Amino acid sequence: MKAKKGIFLFGNYTLIIIVGLLFALPFLYTLYTSFVTMQDVNKIVGISHWTFSNYKTFFTNDAYNVPKWLLNTVIMTGIVIVGNLIINPMAAFALAKLDFAGKKLIYWIVVATMMVPYHMILIPVYVNVAHLGWLNSFAGLTVPFLYQCLYIFMLRQFFISVPNEFIEAARLDGLTKVGAFWRIVYPLAKSPLITMSILAFSGTWNSYLIPSTLTSDPAKYVLVVGLNSVKDMFFENTPLIMAGVVLTTIPILVFFFIFQKQYIEGVSSSGVKG
Amino acid sequence: MAAYENKVNRKKQSWIRTIVDSDFAVGWLFALPFLVLWVWWFLYPFLQSFIRSFQDANFASLDQAKFIGFQNYVNILKDHEFYRAVLHSLEIVVIAVPVQTILGLLMAILVNQKIKGKGIFRTVFFIPYITSQIAVTTVFMMLFKQGTFVTKFFGLFGFGNVTWYADTHYALLFVAILFIFQQCGFSMIVYLSALQEVPKDLYEAGQMDGASKWEQFRYITVPYVKPITFFVVSVSTILGFQIYDQIAAISRYGALGSPAGATNTVVTYFYQNGIRYMNIGYGSAAVVLFFFIIMIITFLQKKLLDDKE
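Residues numbered from 1 in each chain as written. Chains lettered and ligands numbered in written order. Predicted model: local features only at pLDDT ≥ 70, side-chain atom pairs only at ≥ 80, totals over all residues. Heavy atoms only, no water.

In the nomenclature of an unreviewed UniProt entry, chain B is known as Multiple sugar transport system permease protein of Paenibacillus sediminis. Taken from UniProt, the Subcellular location (unreviewed entry) comment for chain B reads in full: "Cell membrane". Taken directly from UniProt, the Sequence similarities (unreviewed entry) text for chain B runs: "Belongs to the binding-protein-dependent transport system permease family." (UniProt positions renumbered as here; feature names shortened; annotations may be inferred.)

The name given to chain A in an unreviewed UniProt entry is Multiple sugar transport system permease protein, and the organism recorded there is Paenibacillus sediminis. Among the UniProt annotations of chain A, the heading Sequence similarities (unreviewed entry) holds the following wording: "Belongs to the binding-protein-dependent transport system permease family." For the record of chain A, the UniProt heading Subcellular location (unreviewed entry) holds the text "Cell membrane".

Below, the discussion takes up helix α2 (residues 13–33) of chain A. Its 21 residues give α2(A) an end-to-end C-alpha distance of 29 Å, which sits within 8% of 30 Å, the value for a rise of 1.5 Å per residue. Helix geometry: α2(A) is bent most strongly at A:Ala24, by close to 40°, with proline A:Pro26 lying one to four residues after it. (Helix = DSSP H or I, 4+ residues; strand = E, 2+ residues; numbered from the N terminus. Expected span 1.5 Å × (residues − 1). Bend = angle between axes of the 7 residues up to and from the residue.)

What follows deals with the interface of chain B and chain A. Across the boundary between the two partners, chain B contributes 95 residues, which contact 99 residues of chain A. Summed over both partners, the interface of chain B with chain A buries about 9,000 Å², with 78% contributed by carbon and sulfur atoms. It is B:Phe30, B:Phe34 and B:Trp41 in chain B that bury the most area against chain A; as a group they hold 10% of the surface buried on that side. If you look at where chain B meets chain A, you find two salt bridges. The partner of B:Asp21 in a salt bridge is A:Arg171, and the shortest N-O contact between them spans 2.5 Å. When residues of the side of chain B that touches chain A are assigned to their parent elements, the largest contribution, 22 residues, is made by helix α2 (residues 23–52) of chain B. (Contact = heavy atoms within 4.5 Å. Buried area = accessible area lost by both parts, 1.4 Å probe. Salt bridge = Lys/Arg side-chain N within 4 Å of Asp/Glu carboxyl O.)

What follows deals with the packing of aromatic side chains. For any pair of aromatic rings, geometry is given as the distance between the ring centres together with the angle between the planes. The final tally for this structure, using the stated rule, is 70 aromatic pairs over all chains. Where A:Tyr107 meets A:Phe153, the ring centres are 6.4 Å apart and the plane angle is 25°; that geometry is what we call stacked. With A:Tyr107 in helix α5 (residues 103–114) and A:Phe153 in helix α8 (residues 149–161), this pair connects stretches of sequence that are 46 residues apart. Residue classification places A:Tyr107 among the partly exposed positions, given a relative accessible area of 29%. Between A:Tyr126 and B:Phe59 the ring centres are 5.5 Å apart and the planes differ by 40°, which places this aromatic pair in the tilted class. In this pair, A:Tyr126 is assigned in helix α6 (residues 119–131) and B:Phe59 in the loop between β1 (55–56) and β2 (66–67), connecting two distinct chains. Judged by relative accessible area, A:Tyr126 falls into the buried class, the value being 8%. (Phe/Tyr/Trp six-rings, centres within 6.5 Å; stacked < 30°, edge-to-face > 60°. Buried < 20%, exposed > 50% of the residue type's maximum accessible area, 1.4 Å probe, protein only.)

Next up on the list: the UniProt feature "domain: ABC transmembrane type-1" (unreviewed entry) in chain B. Here, UniProt's "domain: ABC transmembrane type-1" (unreviewed entry) annotation points to residues 86–301 of chain B. Span residues 86–301 of chain B is 74% helix and 0% strand, its end C-alpha atoms 18 Å apart.

Time to look at the environment of A:Ile79. Residues and elements named next belong to chain A. Within the secondary structure, Ile 79 sits in helix α4 (residues 66–97). Taking C-alpha positions, Ile 79 is 8.5 Å from Val 143, a pair spaced 64 residues apart along the chain. In this structure Ile 79 touches Thr 142 and Leu 146, once residues within four positions along its chain are discounted.

The next point concerns the pattern of salt bridges. All names here are of chain B. Under the defined criterion, the tally for this structure stands at six salt bridges over all chains. Here Lys 66 makes a salt bridge to Asp 56, at a shortest N to O gap of 3.8 Å. Within this pair, whereas Lys 66 is found in strand β2, its partner Asp 56 is found in strand β1, the two being separated by 10 residues in sequence. Judged by its relative accessible area of 40%, Asp 56 falls in the partly exposed class. The partner of Glu 81 in a salt bridge is Arg 84, with the nearest N and O atoms 2.9 Å apart. In this pair, Glu 81 and Arg 84 are both assigned in helix α4 (residues 80–111), three residues apart and thus about one turn of the helix distant. A relative accessible area of 29% places Arg 84 in the partly exposed class.

Turning next to the domain arrangement of chain B. In many reports, interface size means the accessible area that the parts give up when they come together. All names here are of chain B. Taken domain by domain, chain B comprises domain 1 (2–52) and domain 2 (73–308). Its C-alpha centre places domain 1 at a distance of 44 Å from the equivalent point of domain 2. Each partner contributes residues to the interface: domain 1 has four residues there, and domain 2 has six residues. Here domain 1 and domain 2 share an interface that buries about 420 Å² over both sides, 76% of which is from carbon and sulfur atoms. Counting the surface domain 1 buries against domain 2, the share from its top three residues, Ser 49, Phe 50 and Arg 52, is 88%. Joining domain 1 to domain 2, the criterion identifies zero residue pairs in polar contact (both at pLDDT 80 or more). A breakdown of the residues in the side of domain 1 that touches domain 2 according to their chemical character gives two nonpolar, one polar and one charged. (Domains from an automatic or database assignment. Polar contact = N/O pair within 3.5 Å; in protein donor to acceptor, adjacent residues only side chain to side chain. Nonpolar A, V, L, I, M, F, W, Y, C, P; charged D, E, K, R; others polar.)

Here's what the structure looks like:
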């Protein structure tokens, strides 16, 4: 009982530091190992033994070209986010603020789709993409993912909270409903749209299942798929693989540190609403 | 003449405007991009998954796919590998979900203390959640090799000094650890926002009544965050059943679920058959079974949740 009590003592640094080190350790190990040579793995060596050669390999070799994979990832993620920024809010606005026959059906579609795991449709999506000749192409990696029912649902909640007076005022000024949406309501949704973009960004950037299914050409790999192939090819070369982990992880970490506040708010609001 | 044309134009404009501005037209126009994509990239594949599951369909000769009734389902239910896969999926969830939930709550309490540097700790705890599963799995594969300081450390608690992901007894636990490591940051954030809403006077009242910190935790915090616990448990259960990346990473060039099928789950079972072996019919039947398992579990959790409330 006494030990348990200790855990909940406020102002106790010991436990938080232990858990913190436990969580930081894999990252520190990765960073350190990426700078040493193969002989020095799992040993502690001075800074004079450190080397950049592990990193250099990724920029000089065509077979596993990290800059190319980075570009592929940026393009894929960019297209998906732009699509989601247009398609989701339009549908969400229709569901929140317009009154039309068929609306209930569309709402039901959104809610039901949210509950189906993507695995359920992966095989037919793969077949469709292959039949369209879209394997190893950005079209295959992006077109099926330009919308996301979860985000339509989230944005609909927001649009419901926008007072109708805003739209009515816009209409008195001569705007159509289409105009009222794009010029007045859409800019108001800046904060939920940022949240959505952040969640879509990390989901797309880190996705492995779909890109690894739809691409087989190393020139078309995204970072995560490329990293996995590097790991398999050079499995015994720990420092090289660790440099690969660092390179492929840096962009999402930079992104996280820029948007940390909105990111955490987005994640916690998804929990509160759930 | 000019004035007349103007009038006609304006009339035409307002006529178009009335249509374009009606809720019906704008509503469907706005929902259209979503609906087109949804029909082609969700509804059609969704139905295909069911239809193909009743066919003997191979990727190379899909035109010649023929209806074979429930044969795929019968074959799957006769395959003892499938039961092993279901068991493995359940094992991952049973191990990982409680651990990551408790750890998430503990970490939330830790970073909710009034201490310096708690923002740094919050970031450290949350970062695994935002890094890719492949990156984390790669690092852990290097850490959990035979003879490293990590396996030696675990050896102190009675675990064998083995390469975890290559050992049939440890590989599944390894996958569960990976999932816990990444998922508890999410649970922490969700718990944290709930903890900040617990009224301070509840604790003050508890202190007045002489409740210890543990009693305050047990009788104030835990009941207060109960709805969040249900959310965290159901989200991580569903995600636990869907684990794929980690297993694909440790399987390397071998069949999914390596070593020797020790990490074969329902997901890798359908992926191996449907996509790697291109046996679309058989894989689809496995997916449909996967879908029903998820639905049953979601239903059971909902029922449990409703009963408790």
